[in-house]
Structure formats: C-alpha cells, structure tokens
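Single-letter residue listing:
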Amino acid sequence: MRHWLLVAVAAALLAIPACNTSHTVKIEPVEIKPIYITLDVYIKIEREVEDFFSEVEKRAAETGTEGNTAPESGEQK
Amino acid sequence: MNGSRSRALLKAVLCAAVLGAMAAAACADTRDEIIDRMAKRLPQLKKYKTEGKIGETFNGLVEAVKSEYGKDKTLRKLVANENADRKAFYALTAEKFETTPEIVARSAGIRNFKAAEPEHWLKLKDGTWVQKKNLEEVRKREDEKEQKG
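Conventions adopted
Residues numbered from 1 in each chain as written. Chains lettered and ligands numbered in written order. Predicted model: local features only at pLDDT ≥ 70, side-chain atom pairs only at ≥ 80, totals over all residues. Helix = DSSP H or I, 4+ residues; strand = E, 2+ residues; numbered from the N terminus. Buried ≥ 20, exposed ≤ 12 C-beta atoms within 10 Å, placed from the backbone. Contact = placed C-beta atoms within 7 Å. Expected span 1.5 Å × (residues − 1). Pairing = 2+ DSSP bridges. Axes fitted to C-alpha atoms, helices over the stretch in contact; angles between N-to-C directions. Left-handed = near helix turned anticlockwise from the far one by under 90°. Nonpolar A, V, L, I, M, F, W, Y, C, P; charged D, E, K, R; others polar. Core = buried A, V, L, I, M, F, W, Y, C linked by C-beta atoms within 7 Å. Parallel < 35°, antiparallel > 145°, perpendicular 65-115°, else oblique.

1. A closer look at the overall build of chain B
Along chain B, the regular secondary structure elements total 5 helices and 4 strands. In sequence order, chain B lays out its α and β elements as α-α-β-β-α-α-β-β-α. Relative to its 149 residues, chain B shows a buried fraction of 24%. Pairs at least 24 residues apart make up 48% of the contacts formed inside chain B by residues separated by at least 6 positions.

Structure follows, in structure tokens:
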C-alpha cells in the first residue's frame, strides 16, 4: 500500500513540470525608418525647389530684368 | 601580340570614356546657367501671366491658357524655352536626391500654385484652368461633390 502511495507521489511530482507551459509570442518590429527617410527627401526637394525659384526671382530683380519685357529671341540650345 | 592588342583596346575604351565625360559636361546645363536664363525670361513670363495668356500647371510647367494664344510665336517660344529649362532643373534635382523628375516637378507645381498672384491662371490635374482667386471655391465644390458621391 505504502509502495503505491510512493509511486503516486512520484508520478504527481513528475507531472508538475508538464503543467508549466510557456508561450513565446514573436512581434515583428515596426519599420518606421523608411517613412522618415522618404519624408526627409520630400522636405529637401521642397526646399531645393523653393531656393531655385527664389533665386530666379532674386537674380531677375538684381539684373534689372524685372519690368523689362524684351521679346524671347529664338529657341535655346 | 595579344597583349598589345588588348592594351590598345583598353586605351581606346579609356579615350572614349574620357571624351564622353567631357562631352556630357559640356552639354549638361548647370543649375546656375538655368537660373540665369529663367531670370532673363521672368519679366516677359510675368507679363503674359498677368494678361492671362500663360498659366502654371500642377506639374510645375507653364502652358498657354487657351490654345489660340499658342498662335503667338513669341509666347510659344517662351513657353517651350521655359519648360525646357524647368525640365532640366527637375532632372538635375531628381538625380541629386535619387528620385524621379516627376516628383520634383509636382513639388514645383505646388510651390508655384502657392506663389501665384490672384489673377494668374492655374491648370489643375483634371485639365481645367482656374484663376488663383477662385481656387479655394473650386476645391470646396469638388470636396462637396466627393462627399455626396
């Protein structure tokens, strides 16, 4: 009788680790970097375009071509 | 014999590469040259814009507001030269930022729409011409249409 009791206790002790289950949930990292890079490029392009057209206007004013409407002479290139 | 042949071939290839690079450098417009030409053209372009004959397009170019205005040779040349320079700048900028000229052109279109005077004409993406002063009204109407539809 004592023998069966020991076996039952041993079996119960062995079964304890089986109750302990663990689950690993792998979450993929959210990639934000490319979005920032794209935005950064768009902002740089916007700035480059603004600088370019502002420079055209500035140079036109400097060279005194503002108000002077000489006709366009021929095709370029 | 084989060695001298391959050396000669290598020399020829190198010469061609150097000449090609020199020719490309000579032909390519610099940003500064483009600005210079556009600055000289600006007063006349502004005059036509104020007269309502030339307008800005959504994709950063200029165009005759009505096809009949295109009969004016001076206007036609002005539009062609201005667009050639703008396209050259968009290509240069696209190369610099490793993007497409179309993206740069759209950015320029937005910039030029913002900078336009109230009486200037603007060509929208759907091809319609709108005066800057009426742009907000047109957009509101379009938004209302979209919401109803």
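2. What about helix α5 (residues 135-148) of chain B?
Between its terminal C-alpha atoms α5(B) stretches 20 Å, which fits the 20 Å expected from 14 residues at 1.5 Å a residue. Judged by how many residues are buried, α5(B) sits mostly at the surface: 0 of 14 residues are covered.

3. Remarks on the pairing of strand β1 (residues 54-57) of chain B
Residue and element names in this part refer to chain B. Relative to strand β2 (residues 62-64), β1 runs antiparallel, the two sharing 3 bridges. What sits directly across from G55, in β2, is E63. Counted along the chain from β1 to the antiparallel partner β2, the turn is 4 residues long, and its residue G60 has a positive phi close to 75°. Relative to strand β3 (residues 121-123), β1 runs parallel, the two being bridged by 2 bridges. Paired with T57 across the strands is K123, a residue of β3.

4. Quick look at the packing of helix α2 (residues 31-50) of chain B against helix α3 (residues 73-96) of chain B
All names here are of chain B. Two elements in contact, α2 and α3, have axes separated by 10 Å at closest approach and are oriented at 145°. When the axes of α2 and α3 are compared, the crossing they make is left-handed. Contacts from R31, I34, R37, M38, R41, Q44, L45 and Y48 in α2 reach L75, L78, N81, E82, D85, A88, F89 and L92 in α3. Class assignment for the residues of the contact of α2 with α3 results in 9 nonpolar, 2 polar and 5 charged.

5. Digging into unusual backbone geometry
Residue and element names in this part refer to chain B. Positive phi is not limited to glycine here, since E98 has a value of about 50°. Looking at where E98 falls in the secondary structure, it is placed in the loop between α3 and α4 (101-115). Residue E98 is classed as exposed on the basis of its C-beta count, with 7 C-beta atoms lying within 10 Å.

6. As for the nonpolar core
Core analysis: the largest hydrophobic core is formed by 26 residues, its most contacted members being A:V56 and B:I54. The element contributing the most residues to this core is α2(B), with 7 residues.

7. Some points on the packing of helix α2 (residues 33-62) of chain A against α4(B)
With their axes 9 Å apart at the nearest point, α2(A) and α4(B) run at an angle of 60° to one another. In terms of axis orientation, α2(A) runs oblique to α4(B). Remark: the crossing between α2(A) and α4(B) carries right-handed chirality. When α2(A) is examined against α4(B), the residues A:I45, A:E46, A:V49, A:E50 and A:F53 are found in contact with a partner set consisting of B:I103, B:V104, B:S107, B:A108 and B:R111.

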